[in-house]
Amino acid sequence: MTKNSSVLKFIEEMKSIVNPKDVVWIDGSEKQLEALRKTACEKNEIIKLNQEKLPGCYLRRTNPNDVARTESRTIICTPTKEEAGPTNNWWEPKYAYEKVLGIAKNSYENKTMYVIPYSMGIPGSTFAKIGIELTDSIYTVLNMAIMTRVGKNILDILGDSDDWVRGLHATCDVDEEKRYVCHFPQDKTIISVNSEYGGNVLLGKKCFALRIASYMGKKENWLAEHMLILGIKRPGCETKYVCAAFPSACGKTNFAMLIPPEIYRKKGYKVWCVGDDISWLRIGKDGRLWAINPENGFFGVAPGTSMKSNPNALISTQKNTIFTNVVQNLDDNTVWWEGLDKNPPENALDWKGNPWNGKTSSEKGAHPNSRFTAPTKNCPCLSPEFDNPEGVPISAIIFGGRRAHTMPLVYEALSWSHGVFIGSSLSSESTAASTGKTGVLKHNPMAMMPFCGYNMGDYFSHWIKMGKMLGKNAPKIFNVNWFKTNEKGDFIWPGYGENIRVLDWILDRCENKTKAKSTPIGYMPHERDINLEESGIKKEDLSKLLEVDTSAWLNETEKIKEFYSIFKEKLPRELQDELKSLIFRLKNN
Ligand code: GTP
Ligand code: SPV
Ligand code: MN
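Cut-off values and rules
- Residues numbered from 1 in each chain as written.
- Chains lettered and ligands numbered in written order.
- Predicted model: local features only at pLDDT ≥ 70, side-chain atom pairs only at ≥ 80, totals over all residues.
- Heavy atoms only, no water.
- Phe/Tyr/Trp six-rings, centres within 6.5 Å; stacked < 30°, edge-to-face > 60°.
- Helix = DSSP H or I, 4+ residues; strand = E, 2+ residues; numbered from the N terminus.
- Buried < 20%, exposed > 50% of the residue type's maximum accessible area, 1.4 Å probe, protein only.
- Lys NZ or Arg CZ within 6 Å of the ring centre and 35° of its normal.
- Pairing = 2+ DSSP bridges.

Caption draft 1: Representation of the packing of aromatic side chains. Counted under the stated rule, the structure contains 26 aromatic pairs. For the ring pair Trp91 and Tyr180, a centre distance of 4.9 Å and an interplane angle of 50 degrees mean the geometry is tilted. In this pair, Trp91 is assigned in strand β5 (residues 89-91) and Tyr180 in strand β10 (residues 180-184), connecting sequence segments 89 residues apart. Consider the rings of Tyr264 and Tyr269, whose centres lie 4.6 Å apart with planes at 75 degrees: the pair is edge-to-face. Overall, the relative accessible area of 11% leaves Tyr269 in the buried class. An aromatic cluster of at least three residues, connected via ring pairs, comprises Tyr118, Phe127, Phe208, Trp222 and Trp280. For the cation-ring pair, Arg282 lies above Phe127, with the distance from its terminal atom to the ring centre recorded as 4.8 Å. Positioned above the aromatic ring of Tyr523, the side-chain terminus of Arg509 is 5.3 Å from the ring centre.

This is how it looks when you write it as structure tokens:
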């Protein structure tokens, strides 16, 4: 399919190690993909679902030891440990290549090597980047064909350039003790062994579009971020775009596809989804910050997705979708998960494939990190700008985490460097998106802790530098928290569609349409400026949501100080100063 010598050389090298029986190039045609689906069904790798109710949809059950990203086995391989920094696992590249290629050795024996040429971003556009993933897993091929733009045309665009990201995925024995996801930013190479789960093996996603791309962005003055992109049309205004970084399973897909409550819809509010997980941001010719979504599909959390919480996501999954680790309803061969509706199937198989009765079982039927892989094109609120290779201009950047206490519903940064401080000090309770205990409060700067491909201290400096380059065009920065709880442990804020009420205030601030209250932590809304019309939200609850508890915040600054200390001299002066100023403001309030 190509004469590109760097591509052919890489494939030959990898073939000599993993030893496949044959090589199949993925050309992107529906005919080839359909044949692969058929083969995967025959081998029981995927299950064809009810084609009348869910046309083009399939179910996959992964090995129960392989259901989420494995951060402890995700490694940045750079010549020095300092380049990877204190927040990443590090291996020396030579050691890493020997180790993981040793594990992959002969692992394709009697198997086919699939060669997937793909583009992150609109193929051929100035801001798109090309990758080639080699895999022995048809499930991975089928997912990549949804999540990225795959096919022969990508090789044509690449021509004889060697500017592309190399990827090898070897399923091996799905042995969790030998599972590694290695990144070599200097070599633009990713090697993943012993997993078949999403973020570990769909190499275009977190591995390339965040870890490798963040390293490229540092060198080339742009940003690769774990951010959704949405457009919001308000009555009498042109559509404005915002980016939001929330950690995994903290609400990006939901926010990106928000449906405003009726009172807002009647007034003419409408939200458009440009992306739900990853943004590539660069400074445009006009000096503003522009964002593209480099992906072509949604790899979304299934549990909790319903016609009530997120109809746009649910509708996106009704055709040409792959479901992973959800419940199979045996009555009509469809799927189910916790939170889909109040009517769990009684005659079903759980995510592990064991008989499961939703009415009587005390166990969950779907894995908490079960997912759907759905084409973006299915999304009813997909932005008309999704296919615009220039992307969209960004008016605001929003950070947010899952915080039961301390963090108010919304506040605004005093400046770009204060905004970088807010992003850098983000913490959030851990979720099922990664292996390990859930509900533990962890630092997660810019929601990028598991995804930054270089020293995070340098990453903070890069953010500061981008602000200087943007100057007066820099978007305003905000922080939100949908997850504050009351004494009973229930969420105070209703969330989902109601989040438009906060977004409305954010845009008013961007357009200088409303004054804010100065507080030690930043600008905050006056209570009267959050519109509670027809929300059922009580005034006293809003007060609770907008509370700033000085002693809790001083405690917070202690934790930030401790976290910052790991970066040593790499921590930018600006952030140290911001922390000092925050403490000063809190103490002198
Ligand atoms: P990744 O795909 O892992 O990056 O996750 P994500 O950030 O896209 O999160 P997603 O939108 O899938 O939401 C994850 C979980 O948070 C789901 O269980 C949602 O139901 C829940 N959630 C999302 N938005 C809100 C909200 O506004 N309020 C509350 N209380 N829960 C929410
Ligand atoms: C996340 O965990 O942030 C995801 C899912 O979006 S994964 O692709 O597995 O990273
Ligand atoms: Mn994500």
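Caption draft 2: Main features of the sheet that holds strand β20 (residues 327-329). As summarised here, the arrangement of the 4 strands in space is β21-β20-β22-β23, forming an open sheet in which the pairing is antiparallel. The outermost strands of the open sheet, each flanked by one partner alone, are β21 (334-336) and β23 (355-356). When strand β22 (residues 348-349) meets β23, the two strands line up antiparallel, connected through 2 bridges. Bridging from a neighbouring strand, Ala348 pairs with Trp356 of β23.

Caption draft 3: Main features of helix α14 (residues 500-510). Counting buried positions over the 11 residues of α14 gives 10, a clear majority of the element. Of all the positions in α14, only Ile500, Arg501, Val502, Leu503, Asp504, Trp505, Ile506, Leu507, Asp508 and Arg509 are classed as buried. The positive-phi residue at the C-terminal boundary of α14 is Asn512, with phi of around 55 degrees.

Read these as geometric descriptors, not functional statements.
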